[in-house]
Amino acid sequence: MAVDELQAIIQRCQILEEADFKGEDFNLFQVAGQKCLEDGYAAQLLEVIQNEKNKVIIKNMGWNLISPLVRCIFMCKQEDDKREHCLRILDQLAQLCNPKELFLGLLEQIEQTSGEQVCQTVLLLLQPLQTVLLKLQNKKAYSVGLSLAMIMNQLTPLPVPYTKQQIQEDKLGLCQCCNAVVDFAKPFVNEVVKNMEKSSEYNDMELKEELIKFCMKSLKYPLLTAQLEQLEDIEEHPFRRFATEIIEILWNIGELIPLMFVHHKGKSLHWEDQEFADIERKNSADSLACLSYLMFVQHFGVECFPVVFSPSYLLLCNMTHIEVLLKRTEESVLSKGLDLFESCLLRMEDNSLPHHYLELRDFINVPQDLVKIMTLCPMEHMRKKSLNILQLFIDKFDTEGKYTLFRCLLKTSNHAGVEGYIIKNIKDQIHLALTKEYDNIWFTGHHLISLLDLVLSLPEGAETDLLQNSDRIMASLNLLRYLVIKDCESDTQTGVWTTLGKIEQNFLKPLRVGLNMSKAHYEAEIKNKKENRKEAQSSNTVCSVTVSGEKMPPMTTGMQLQVLHSALFTFDLIESVLARVEELIEVKTKAVMDEN
């Protein structure tokens with residue numbers, strides 16, 4: 001019988017001194033204890049462990065029971081008496097075992113778990129692990145750090161619940177587990193706080209640094225990808241609670257505000273391998289970006305933030321974080337970047353952002369990232385939001401800033417739709433310059449002429465793909481039409497009349513030639529398709545199209561003709577505006593000549 005075997009080993013060890021215990025005794029105790037659990041004698045095993053005479057034996061050998069004990073608990077049903085006995089055994093082991101040995105046994109058990117049992121195991125072992133850590137005297141900070149790192153490493157591969165239903169179900173227990181880990185860390189936070197209160201020159205930084213590392217890891221996972229908006233029918237959003245607790249830990253240990261303004265805090269790890277150094281830098285950047293989002297968008301801990309900084313300075317501090325978030329492709333992270341950028345911009349007044357900010361790398365990179373989202377993101381609501389934020393960003397700059405930003409985006413966007421949008425903005429700024437009383441040197445005179453050189457041109461002359469560039473060309477023609485109508489040749493504020501010859505040479509004439517060539521080509525294609533239509537219908541011929549390496553549904557001849565007619569319509573539209581511009585130029589030029 002398993003209990004008899006255990007009692008025999010206990011009696012043999014009771015007469016031995018602690019130093020005389022051998023490896024064989026440890027193995028026999030583990031095997032007998034495991035057999036008791038497997039055969040249903042958990043109550044008897046609990047009695048053995050609670051017996052005062054066995055205190056020394058349990059202190060030295062009890063930690064060996066952790067693995068079979070955890071297995072037994074998971075095999076029992078929730079209401080089973082055997083499970084209750086096992087939980088009491090676990091509690092007793094936490095009180096009686098050698099802290100160092102039990103600490104290693106508990107960590108090993110957490111490390112060995114995987115998949116759906118990760119959260120269950122962590123939740124089960126957090127309390128005994130906390131009890132053991134509070135008993136440790138030597139290397140306490142290291143052990144706390146190791147425990148937190150091990151737990152977070154085990155949780156990180158698990159998917160973060162995102163939808164309301166997923167959060168409510170919490171299928172793997174991640175939401176519950178995250179908040180339990182914060183509760184696990186609280187005694188160690190309190191210890192750091194007490195030590196800081198005792199001495200203004202708190203020198204024992206090890207435990208504090210381990211807590212900072214835990215908070216940084218928590219910001220990257222799960223908070224960076226978590227859905228943090230308040231949800232209906234969820235009284236206490238688990239990730240919002242977790243975020244609140246992480247912010248509170250950082251505030252209590254005096255690191256919240258410093259982390260908001262620096263990109264790395266504490267000791268720098270000098271990795272010999274550059275790859276490890278890059279990983280650490282990226283992880284830190286992700287965490288700090290998430291921290292800024294929590295503070296400025298979700299307003300966690302905002303009451304702790306000093307109200308002394310200007311909106312432009314806050315934008316400056318956040319641009320690095322915004323860039324980090326906008327470089328990501330996951331909707332949950334990308335949306336945080338857009339929200340953070342929007343939040344910073346809405347604090348500012350229009351025309352208040354100085355142009356010299358554009359000398360900073362982030363202020364050039366971020367609008368380019370917005371352009372990529374506007375043109376490449378598969379989610380329509382993200383594309384629309386990016387466009388709105390780009391306009392908001394433009395509106396905040398002073399006149400010179402707008403001018404510089406327009407030049408930059410025209411040169412870098414490589415997208416006709418975006419270029420057309422920027423040209424429309426240029427037209428709006430010229431209108432303001434011409435209708436307001438004060439002088440605007442950036443959207444009139446020689447500065448504007450320099451900008452028009454970029455706008456009123458065709459990338460490849462007459463051979464430019466007019467269909468591909470139709471948005472840009474239409475915006476350019478509308479701008480030119482506006483300038484010709486609005487600006488007087490005798491008092492040319494915009495400079496359009498002095499540079500008209502150049503505009504005709506570089507833009508109008510090549511456009512006219514390109515239109516004639518394109519229309520002739522497409523008309524010939526339509527004629528050819530129509531002639532071959534009967535033959536194509538009799539053989540059911542279809543045309544296959546490949547886009548970005550993916551084969552699209554086949555096109556019938558009728559569909560091809562529809563596309564060709566649509567292209568011709570676009571050319572007619574461009575041609576009508578071009579004709580109107582040429583007519584206006586001719587009328588105004590003739591009027592001046594007659595006057596002279």
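About the cut-offs
- Residues numbered from 1 in each chain as written.
- Predicted model: local features only at pLDDT ≥ 70, side-chain atom pairs only at ≥ 80, totals over all residues.
- Heavy atoms only, no water.
- Helix = DSSP H or I, 4+ residues; strand = E, 2+ residues; numbered from the N terminus.
- Buried < 20%, exposed > 50% of the residue type's maximum accessible area, 1.4 Å probe, protein only.
- Expected span 1.5 Å × (residues − 1).
- Contact = heavy atoms within 4.5 Å.
- Axes fitted to C-alpha atoms, helices over the stretch in contact; angles between N-to-C directions.
- Parallel < 35°, antiparallel > 145°, perpendicular 65-115°, else oblique.
- Left-handed = near helix turned anticlockwise from the far one by under 90°.
- Nonpolar A, V, L, I, M, F, W, Y, C, P; charged D, E, K, R; others polar.
- Core = buried A, V, L, I, M, F, W, Y, C linked by side-chain atoms within 4.5 Å.
- pLDDT = per-residue confidence, 0-100.
- Salt bridge = Lys/Arg side-chain N within 4 Å of Asp/Glu carboxyl O.
- Patch = residues over 30% accessible without salt bridge, like charges linked within 9 Å, V, L, I, M, F, W, Y side chains within 5 Å.
- Areas by Shrake-Rupley, 256 points an atom, 1.4 Å probe, with all protein chains shown as cover.
- Lys, Arg positive; Asp, Glu negative; His and termini not counted.
- Charge placed at Lys NZ, Arg CZ, Asp CG, Glu CD.
- Phe/Tyr/Trp six-rings, centres within 6.5 Å; stacked < 30°, edge-to-face > 60°.
- Lys NZ or Arg CZ within 6 Å of the ring centre and 35° of its normal.

**Section: the overall build of the chain**
On a plain count of helices and strands, the chain comes out with 26 helices and two strands. The buried share among the 596 residues of the chain stands at 48%.

**Things to note about helix α23 (residues 470-486)**
For α23, with 17 residues, the first-to-last C-alpha span of 24 Å sits near the 24 Å given by 1.5 Å per residue. With 12 of 17 residues buried, α23 is to be regarded as a mostly interior element.

**As for the side chain of E419**
Here E419 shows up in helix α21 (residues 416-435). Once residues lying within four places of it in the same chain are set aside, the contact partners of E419 are L410, S413, N414 and R472.

**Some thoughts on the packing of helix α18 (residues 361-376) against helix α19 (residues 380-396)**
It is at 8 Å that the axes of α18 and α19 come closest, and there the two elements cross at 150°. One finds that α18 runs roughly antiparallel with respect to α19. Crossing geometry of α18 relative to α19 is assigned as left-handed. Contact with α18, carried on its side by F363, P367, L370, I373 and M374, involves M382, R383, S386, L387, I389, L390 and F393 of α19 and no other residues of that element. Each residue belonging to the contact of α18 with α19 can be placed in one class, and the counts come to 10 nonpolar, one polar and one charged.

**Describing the nonpolar core**
Counting 183 residues, the largest nonpolar core has L155, F214, L294, L315, F341, L477 and L511 as the members making the most contacts within it. Considering each element in turn, this core owes the most residues, 12 residues, to helix α11 (residues 174-198). Excluding anything up to four places from it in sequence, F341 contacts L315, M319, I322, V366, L370, I389 and F393.

**Quick word on the confidence of the model for the chain**
Averaged over every residue, the pLDDT of the chain is 86; the share at 70 or more is 88%. Segment residues 264-272 is flagged for pLDDT under 50; beyond a separation of four residues in sequence, or across chains, it makes 12 contacts in the model.

**Concerning the pattern of salt bridges**
In this structure the tally under the stated criterion is 27 salt bridges. With its nearest N and O atoms 3.8 Å apart, the salt bridge here joins E210 to K213. On the criterion of helical spacing, the pair formed by E210 and K213 is a turn pair, its members being three residues apart in helix α12 (residues 206-223). Its relative accessible area of 16% is what places E210 among the buried residues. The exposure class of K213 is partly exposed, given its relative accessible area of 43%. The partner of R361 in a salt bridge is E323, with the nearest N and O atoms 3.5 Å apart. Highlighted residues: R361 in helix α18 and E323 in helix α16 (residues 311-326), separated in sequence by 38 residues. Residue classification places R361 among the exposed residues on the basis of a relative accessible area of 54%. Relative accessible area serves as the criterion here: at 8%, E323 is assigned to the buried category. Residues joined in a network through salt bridges with shared partners are E323, K327, R361, D362 and D369.

**Some thoughts on the packing of α19 against helix α20 (residues 399-412)**
The geometry of α19 relative to α20 is characterised by a closest axis approach of 8 Å and an angle of 140° between their N-to-C directions. When the axes of α19 and α20 are compared, the pair comes out oblique. The two elements α19 and α20 meet at a crossing, and its hand is right-handed. Within the contact between the two elements, α19 uses L390, F393, I394 and D395 and α20 uses K402, L405, F406 and L409. Split by residue class, the contact of α19 with α20 holds six nonpolar, no polar and two charged.

**Overview of α21**
The terminal C-alpha atoms of α21 lie 29 Å apart, and with 20 residues this matches the ideal 28 Å at 1.5 Å per residue to within 8%. Residues of α21 that are buried include every one of A416, V418, E419, G420, I422, I423, N425, I426, Q429, I430, A433 and L434, and no others.

**What to know about unusual backbone geometry**
Generally, phi is negative for residues other than glycine and the peptide bonds are trans, each holding for most cases. The step from Y221 to P222 runs through a cis peptide bond, and the omega angle for that step is 10°. Even without being a glycine, K139 presents a positive backbone phi close to 50°. Even without a glycine there, the phi angle at D170 is positive, about 45°. Examined against the element boundaries, D170 turns out to sit in the loop between α10 (164-169) and α11. For D170, a relative accessible area of 15% gives the class buried.

**Remarks on a nonpolar patch on the surface**
A cluster of nonpolar side chains, namely V308, F309 and Y313, defines an oily patch on the protein surface of about 270 Å² accessible area. Checked against the element boundaries, F309 lands in the loop between α15 (274-296) and α16.

**With respect to the environment of K171**
Position of K171 relative to the elements: it lies in the loop between α10 and α11. Judged by its relative accessible area of 77%, K171 is exposed. Counting along the chain gives 10 residues from K171 to P161, while the straight-line C-alpha distance between them is 8.5 Å.

**Some remarks on a negative patch on the surface**
Residues E79, D80, D81 and E84 make up a contiguous surface patch of negative charge. Along the chain, D80 falls in the loop between α5 (66-75) and α6 (81-96).

**Digging into the packing of aromatic side chains**
A complete count under the given rule lists 11 aromatic pairs for this structure. Here the aromatic rings of F296 and F305 are separated by 5.3 Å at their centres, their planes lie at 80°, and the arrangement is edge-to-face. The two residues F296 and F305 agree in class, both being buried. Measuring from centroid to centroid gives 5.9 Å for Y403 and F443, while their planes differ by 75°, and the two rings are edge-to-face. Highlighted residues: Y403 in helix α20 and F443 in the loop between α21 and α22 (445-455), separated in sequence by 40 residues. What makes Y403 buried here is its relative accessible area of 6%. Among the aromatic residues, those joined into a cluster by ring pairs are F341, Y357, F363, F393 and F397. Over the ring of Y293 we find K336; its NZ or CZ atom is 5.5 Å from the centre of that ring. A cation over an aromatic ring shows up here: K427 above the ring of Y482, its NZ or CZ 5.2 Å from the ring centre.

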